[in-house]
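# A closer look at the structure
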Amino acid sequence: NYGAHVRFDENGDAPGRYMIMNYQRNRITREYEYKVIGNWNSGITLNHSDIIWAGDTKEEGEIKNMQRGEQCCWICTRCSSWEYIKDEKTCETCPEGMWPYPNKTGCYALEVQYMVWNSIHAVIPMALAALGIICTSFVITLFVMYNSTPVVMASGRELSYMLLSGCIFCYFMTFILLAPPSTLLCALQRFGVGFGFSVVYSSLLIKTNRISRIFESARRSAKRPPFISPKSQIVMTCILILIQVLFTFVWLLLEPPGTRLHYPDSREPVVIKKCRSDDISFLVSLIYNMLLIIVCTVYAVKTRKIPENFNESKFIGFAMYTTCIIWLAFVPIYFGTLNSFK
């Protein structure tokens with residue numbers, strides 16, 4: 001008479017009809033009460049926006065943790081921040097480079113991070129590099145203005161120009177190192193860092209070697225030692241630099257340049273775009289420059305007691321002592337910050 005459809009299952013039972021309620025606090029009365037959030041009538045219907053979970057949140061992300069020996073009861077267990085819900089009883093870690101949605105129903109691709117020009121971590125090094133370029137350019141300008149004076153000539157003009165050029169090149173490498181990674185820039189980084197240092201330290205090494213040989217020879221005889229002319233100095237410096245260049249080209253052939261995605265920790269939402277070369281191999285590529293520094297420091301120590309009129313080696317020695325300290329500090333800092341591109 002009422003137009004209702006009544007049916008029974010094979011056991012003669014009527015199908016169940018249920019109201020689904022959620023025990024939650026009424027935001028007006030501040031009292032806890034049951035609120036209808038859905039129903040069951042041959043299928044479930046839920047209004048997810050009305051559900052309030054434990055902790056007074058609307059976040060999902062929990063699975064059924066079945067208790068041993070229990071068939072009908074379970075404990076709701078929250079998935080970790082890096083996991084999504086695979087099924088009602090299983091949490092699973094998102095693949096590398098992905099992170100779960102807030103409702104834990106799946107994973108999305110993380111945004112790739114790399115150094116940007118307007119970051120404070122880039123602005124400060126670029127400002128310092130720019131200051132270094134300005135100061136070094138000023139010194140080069142003074143050398144050019146007084147190129148023929150006895151002071152400039154006695155300092156070894158040719159090697160001084162090479163040394164100052166190497167300094168400027170190293171400062172410019174700051175901008176290459178901070179640029180967004182690409183195949184070309186990664187190749188320039190691997191070539192430029194070692195090349196710039198080799199120009200600087202090769203020039204200093206030949207300078208101190210020349211002073212050492214002059215005074216060692218003077219103790220034995222009045223004969224002028226060989227290979228102390230400006231041309232000879234330039235040739236020897238270039239040979240030392242070419243050794244570094246050769247090593248770098250071999251490295252580029254064995255490990256072609258390119259970019260890669262780096263995942264420091266699967267439990268953190270971080271994906272970093274880096275150069276493809278191994279971090280340790282980058283440090284190994286500087287071993288030759290470390291050798292130049294050590295030899296140059298030895299020569300600086302040997303020539304520390306020469307006459308006051310030839311005290312250039314004392315300043316070189318001071319520079320090498322501080323360089324050794326800086327490089328010794330660089331190694332642990334480098335390995336201690338590998339997971340942070342900043």
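Just so we're clear, the structure is a prediction, and the values are computed from it rather than from any experiment. (Residues numbered from 1 in each chain as written. Predicted model: local features only at pLDDT ≥ 70, side-chain atom pairs only at ≥ 80, totals over all residues. Heavy atoms only, no water.)

## What to know about the overall build of the chain
Inclusion rule: Helix numbering and strand numbering both begin at the N terminus, where a helix is a DSSP run of H or I of at least 4 residues and a strand a DSSP run of E of at least 2. Exposure is judged per residue with a 1.4 Å probe applied to protein chains only, and the accessible area is read against the type maximum: over 50% gives exposed, under 20% gives buried, and values in between give partly exposed.
Within the chain, the secondary structure is distributed over eight helices and 12 strands. Counting the 342 residues in the chain, one finds 32% classified as buried.

## Quick look at the packing of helix α7 (residues 287-302) against helix α8 (residues 312-336)
Rules: Axis angles are defined between N-to-C directions and span 0 to 180 degrees, where every axis is a line fitted to C-alpha atoms and, for a helix, only to the segment in contact. Roughly parallel means an angle under 35 degrees; roughly antiparallel means over 145; roughly perpendicular covers 65 to 115; every other angle is labelled oblique. Crossing chirality is assigned from the near helix's rotation relative to the far helix, an anticlockwise turn below a right angle marking it left-handed and a clockwise turn marking it right-handed. It only takes one pair of heavy atoms within 4.5 Å for two residues to be counted as in contact.
One way to put it is that α7 packs onto α8 with a least axis distance of 9 Å and a crossing angle of 140°. Classified by the interaxial angle, the pair formed by α7 and α8 is oblique. Between α7 and α8 the crossing geometry is left-handed. Across the interface between the two elements, Asn-289, Met-290, Ile-293, Cys-296, Thr-297, Ala-300 and Val-301 of α7 pack against Ser-313, Ile-316, Gly-317, Met-320, Tyr-321, Thr-323, Cys-324 and Trp-327 of α8.

## Comments concerning the nonpolar core
Selection criterion: The definition of a nonpolar core used throughout is a set of buried Ala, Val, Leu, Ile, Met, Phe, Trp, Tyr and Cys residues joined through side-chain atoms within 4.5 Å.
Counting 22 residues, the largest nonpolar core has Tyr-201, Leu-204, Leu-240, Leu-292, Cys-296 and Met-320 as the members making the most contacts within it. Elements that contribute at least two residues to this core include exactly α3 (157-178), α4 (183-220), α5 (230-254), α6 (279-284), α7 and α8. No other element matches α4, which puts six residues into this core. Setting aside anything within four residues of it in sequence, one finds Leu-204 in contact with Leu-163, Cys-296, Ile-316 and Met-320. Within the second largest apolar cluster, five residues are counted, among which are Ile-140, Phe-143, Val-152 and Leu-164.

## Considerations on the sheet that holds strand β1 (residues 17-25)
Quick reminder of the rule: Pairing between strands is defined by DSSP: at least two bridges between the two strands are required.
What the three strands build is an open sheet, ordered β1-β2-β3; its pairing is antiparallel. Bordering the open sheet on either side are β1 and β3 (44-46), each of which pairs with just one other strand. In this sheet, neighbouring strand axes are inclined to one another by 35° on average, regardless of whether the strands run parallel or antiparallel. Here strand β2 (residues 32-41) pairs with β3 via three bridges, running antiparallel. By the bridge assignment for β3, Asn-39 is matched with Thr-45.

## Digging into the state of the cysteines
The criterion, for reference: Pairs of cysteine sulfur atoms within 2.5 Å are identified as disulfides in what follows.
Summed over all chains, the structure comprises three disulfides. Each disulfide pairs two cysteine sulfurs, and for Cys-79 the partner residue is Cys-91, the sulfurs being separated by 1.8 Å. Measuring the twist about the S-S bond at about -80°, one finds the Cys-79-Cys-91 disulfide to be left-handed. Of this pair, Cys-79 sits in the loop between β5 (74-78) and β6 (83-87) while Cys-91 sits in strand β7 (residues 90-93), and the two are 12 residues apart along the sequence. Assessed through its relative accessible area of 21%, Cys-91 is described here as partly exposed.

## With respect to the pattern of salt bridges
Convention followed: Note on definitions: salt bridges are taken to be side-chain nitrogens of Lys or Arg within 4 Å of carboxyl oxygens of Asp or Glu.
Per the counting criterion, the structure on display carries one salt bridge. Glu-92 is paired through a salt bridge with Lys-86; the nearest N and O atoms lie 3.4 Å apart.

## A few points about empty space enclosed by the protein
Condition: Here a cavity means grid points, on a 1 Å grid over the protein atoms only, where a 1.4 Å probe fits yet cannot get out; a pocket means an open set of points with protein on both sides within 12 Å along at least five of seven lines; lining residues are those with an atom within 4 Å of a point. Grid points are joined across faces, edges and corners, and a volume is the space filled by probe spheres set on the points. The nonpolar class holds Ala, Val, Leu, Ile, Met, Phe, Trp, Tyr, Cys and Pro. Asp, Glu, Lys and Arg form the charged class, and all remaining residues, Gly among them, are polar.
Counted by the stated rule, this structure contains one cavity of 30 Å³ or more. Of the voids in this model, the largest cavity is the one considered here, and its volume is about 80 Å³. Taken together, 13 residues line the largest cavity, and the ones lying closest to its centre are Gly-97, Met-98, Asp-265, Ser-266 and Glu-268. Taken together, the residues of the lining of the largest cavity break down into eight nonpolar, two polar and three charged.

## Concerning the UniProt feature "transmembrane region" (unreviewed entry) in the chain
Put simply, the rule reads: UniProt positions are given in the numbering used here, feature names are shortened, and annotations may be inferred rather than shown by experiment.
The positions that UniProt labels "transmembrane region" (unreviewed entry) are, in the present scheme, residues 122-147, 159-179, 191-212, 233-254, 280-301 and 313-335. Summarising residues 122-147: 92% helix, 0% strand, and an end-to-end C-alpha distance of 36 Å.

## Some thoughts on the environment of Val-298
Summarising the element assignment, Val-298 is placed in helix α7. For the pair Val-298 and Met-320, spaced 22 residues apart in sequence, the C-alpha to C-alpha distance is 9.3 Å.

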